[in-house]
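Next come the chains, spelled out residue by residue.
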Amino acid sequence: MLKRFLWHWLILVLGLYLLTLIKPLGIHAESTEDLFLAALVLIIANTIIKPILILVTLPLVLLTLGLFLLVINAIILDWIPYFVSGFHVHGFLSAFFGSLLLSLITGFFTGYERRITVRRTNGVARPGKVIDI
């Protein structure tokens with residue numbers, strides 16, 4: 001469990017670092033410590049605050065068929081500078097596109113981690129019986 005937590009934390013740090021490299025996006029960090037702290041705050045917010053926001057805005061989430069979750073992710077990303085002084089997000093639009101890209105980045109690496117785990121637990125692969133998606 002700790003190994004998985006550390007893996008997700010490093011994925012978020014990498015994702016936030018990649019977001020800071022996109023200058024027109026308007027997200028930047030002053031140091032790598034700020035990136036690590038911002039990723040930790042993001043994990044805590046996604047664990048505690050995000051389910052509450054989803055529950056409160058459940059009618060909007062259902063009405064938009066889940067697209068309002070992107071707005072919730074943007075709100076959480078926009079709140080991070082209040083907790084980490086060296087991490088800056090310039091406006092809600094930057095937070096929206098940043099959360100969209102961060103979701104894609106973390107989804108890619110989380111999917112990679114799951115594929116590696118499945119391959120390790122399955123043991124020996126039988127030819128002709130493997131479906132890799």
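Structure shown above.
For the structure given in this document, a descriptive report is provided here.

Calculation criteria
Residues numbered from 1 in each chain as written. Predicted model: local features only at pLDDT ≥ 70, side-chain atom pairs only at ≥ 80, totals over all residues. Heavy atoms only, no water. Helix = DSSP H or I, 4+ residues; strand = E, 2+ residues; numbered from the N terminus. Buried < 20%, exposed > 50% of the residue type's maximum accessible area, 1.4 Å probe, protein only. Phe/Tyr/Trp six-rings, centres within 6.5 Å; stacked < 30°, edge-to-face > 60°. Contact = heavy atoms within 4.5 Å. Expected span 1.5 Å × (residues − 1). Axes fitted to C-alpha atoms, helices over the stretch in contact; angles between N-to-C directions. Parallel < 35°, antiparallel > 145°, perpendicular 65-115°, else oblique. Left-handed = near helix turned anticlockwise from the far one by under 90°.

1. Some thoughts on unusual backbone geometry
Even without glycine at this site, L65 takes up a positive phi of about 55 degrees. Secondary-structure assignment places L65 in the loop between α3 (58–63) and α4 (68–83). The class for L65 is exposed, based on a relative accessible area of 78%.

2. Some words on the packing of aromatic side chains
Describing an aromatic ring pair means giving the distance of the ring centres and the angle of the ring planes. Within this structure, the stated rule accounts for four aromatic pairs. Ring geometry for W9 against F36: centres 5.9 Å apart, planes inclined by 85 degrees, an arrangement best described as edge-to-face. Residue W9 is located in helix α1 (residues 2–21), and its partner F36 is located in helix α2 (residues 32–56); the two are separated by 27 residues in the primary sequence. Residue F36 is classed as partly exposed on the basis of its relative accessible area of 33%. Ring plane angle 75 degrees and centroid distance 5.5 Å describe the contact between F96 and F97, whose orientation is recorded as edge-to-face. The partly exposed category is assigned to F96, whose relative accessible area is 22%. Given the relative accessible area of 40%, F97 is considered partly exposed. An aromatic cluster is defined as three or more aromatic residues linked by ring pairs; in this entry it consists of F5, W9 and F36.

3. Comments concerning the environment of I43
Topologically, I43 is positioned in helix α2. Sequence-distant contacts of I43, defined by excluding residues within four places in its chain, comprise F5, W9 and L12.

4. Some remarks on α1
Taking 1.5 Å per residue as the helical rise, α1 with its 20 residues ought to reach 28 Å, and the 29 Å between its terminal C-alpha atoms agrees with that figure. Within the span of α1, buried status applies to I11, L12, V13, G15, L16, L19 and T20.

5. Points about the packing of α2 against α4
Relative to each other, α2 and α4 sit at 135 degrees, their axes nearing to 10 Å. Considering the angle they form, α2 stands oblique to α4. α2 and α4 meet at a crossing whose hand is right-handed. Of α4, the residues touching α2 (which contributes A38, V41, L42, A45, N46, I49, K50, L53 and I54) are L69, I72, N73, I76, W79, I80 and F83.

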